[in-house]
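A closer look at the structure
Spelled out from the first residue to the last, the chains are:
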Amino acid sequence: VLADGSVALTAFIPNDGAFRKLVKSITGHKPRSERAAFRTIARMGIPAVEQVLLYHVVPGATVNSTAALAANGVVLTTALDGKTFRVNVRGSRISLGDYSRLRNPRVNKADINVGNLQIAHGIDRVLMPVTLPTDPLARIDPHGGQAECDGPPSADGRYRVRHGPRGRAAKAAI
């Protein structure tokens, strides 16, 4: 769909820093490099990564920044099994309300690739679908070993994670 410019869609594209912030929110550790962030995200598995990416695509509509600024409160349906997120506008700032407890992504580069039926907007955080599996996230170990959950999440939605070879424990926000 993204390669075919004849299909109307709007894509919200996280920048590199957005993926680093995602890894930090998942593992509690800031990745040292873009490569380290990619490796951690890849450990989520292809199905989970695919869900996250599809959640950034709104098929059937080309929403430019002018339309978005007039769309406060509008709910957009994504390419991920009809999952939605809300457009929030405050002054000239556009943010997207997703299902996570993390800060909502903000549009930081609008109207990329204007000229065909598709448009993209850069965002500073990764949108998180409600269907993203939480168990694989809790098992990601930023140190490269296998991590395991120590029971169910606490009341604040955090998992206690035991890291394999080093035996260290850290909380991973989900």
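Notes on the structure in this doc start here. On a predicted model such as this, the values are computed, not experimentally measured, just so you know.

Conventions and cut-offs
- Residues numbered from 1 in each chain as written.
- Predicted model: local features only at pLDDT ≥ 70, side-chain atom pairs only at ≥ 80, totals over all residues.
- Heavy atoms only, no water.
- Pairing = 2+ DSSP bridges.
- Helix = DSSP H or I, 4+ residues; strand = E, 2+ residues; numbered from the N terminus.
- Axes fitted to C-alpha atoms, helices over the stretch in contact; angles between N-to-C directions.
- Buried < 20%, exposed > 50% of the residue type's maximum accessible area, 1.4 Å probe, protein only.
- Polar contact = N/O pair within 3.5 Å; in protein donor to acceptor, adjacent residues only side chain to side chain.
- Contact = heavy atoms within 4.5 Å.
- Salt bridge = Lys/Arg side-chain N within 4 Å of Asp/Glu carboxyl O.
- Phe/Tyr/Trp six-rings, centres within 6.5 Å; stacked < 30°, edge-to-face > 60°.
- Core = buried A, V, L, I, M, F, W, Y, C linked by side-chain atoms within 4.5 Å.

Strand pairing within a sheet occurs via backbone hydrogen bonds; the two strands may be parallel or antiparallel. The strand order across the open sheet formed by three strands is β3-β4-β5, and the pairing between neighbours is antiparallel. The open sheet has two edge strands with one neighbour each: β3 (75-77) and β5 (93-97). Averaged over all neighbouring strand pairs, the angle between strand axes comes to 30 degrees, with direction disregarded.

This part takes up unusual backbone geometry. Even without being glycine, Asp 111 reaches a positive phi, approximately 55 degrees. Mapped onto the fold, Asp 111 is located in strand β6 (residues 107-112).

This next bit is on the side chain of Thr 10. Tracing the backbone through its elements, the reader meets Thr 10 in strand β1 (residues 9-14). A relative accessible area of 1% means that Thr 10 is categorised as buried. Only 2.7 Å separates the side chain of Thr 10 from the backbone nitrogen of Val 63, close enough to count as a polar contact. When neighbours within four sequence positions are excluded, Thr 10 is seen to be in contact with His 56, Val 57, Val 58, Ala 61, Thr 62, Val 63, Ile 119 and His 121.

We now examine the pairing of β1. β1 sits mainly inside the fold: five of its six residues count as buried. Here six bridges tie β1 to strand β7 (residues 118-123), and the two strands are oriented parallel to one another. Bridged to Ile 13 within β7 is Gly 122.

A few words on the pattern of salt bridges. Scanning all chains against the criterion turns up one salt bridge. Where Arg 103 meets Asp 124, a salt bridge forms, and the shortest distance between an N and an O atom there is 2.6 Å. Taken together, the positions of Arg 103 in the loop between β5 and β6 and Asp 124 in the loop between β7 and α5 (134-138) put the pair 21 residues apart, joining distant regions of the chain. For Arg 103, a relative accessible area of 31% puts it in the partly exposed group.

Here we come to the packing of aromatic side chains. By convention here, two paired aromatic rings are described through the distance between centres and the angle between planes. Going through the model one piece at a time under the given rule, you end up with two aromatic pairs. With a centroid separation of 5.5 Å and an interplanar angle of 85 degrees, the aromatic rings of Phe 12 and Phe 85 are classed as edge-to-face. Of this pair, Phe 12 sits in strand β1 while Phe 85 sits in strand β4 (residues 84-90); the two residues are 73 residues apart in sequence, bridging distant segments of the chain. Per residue, the accessibility class of Phe 12 equals that of Phe 85, and both read buried. Among the residues examined, Phe 85 registers a relative accessible area of 2% and is labelled buried. By the ring-pair criterion, three or more aromatic residues cluster together here, those being Phe 12, Tyr 55 and Phe 85.

Of all hydrophobic cores here, the largest spans 16 residues; its most connected members are Phe 12, Phe 85, Val 87, Leu 96 and Leu 127. A total of three residues in this core trace back to one element, the largest contributor, which is β4. Setting aside anything within four residues of it in sequence, one finds Phe 85 in contact with Phe 12, Tyr 55, Val 58, Val 74, Val 75, Leu 76, Thr 78, Leu 96, Gly 97, Asp 98 and Leu 127. Within the second largest apolar cluster, 11 residues are counted, among which are Ala 18, Leu 22, Met 44 and Ala 48.

The subject of this paragraph is the sheet that holds strand β2 (residues 57-59). Taken together, the four strands give an open sheet; going across it, the order is β2-β1-β7-β6, and neighbouring strands pair in mixed fashion. Both edges of this open sheet fall to β2 and β6, since each of them pairs with a single strand only. Going from strand to strand, the sheet's axes swing by 15 degrees on average, the running direction of each strand aside.

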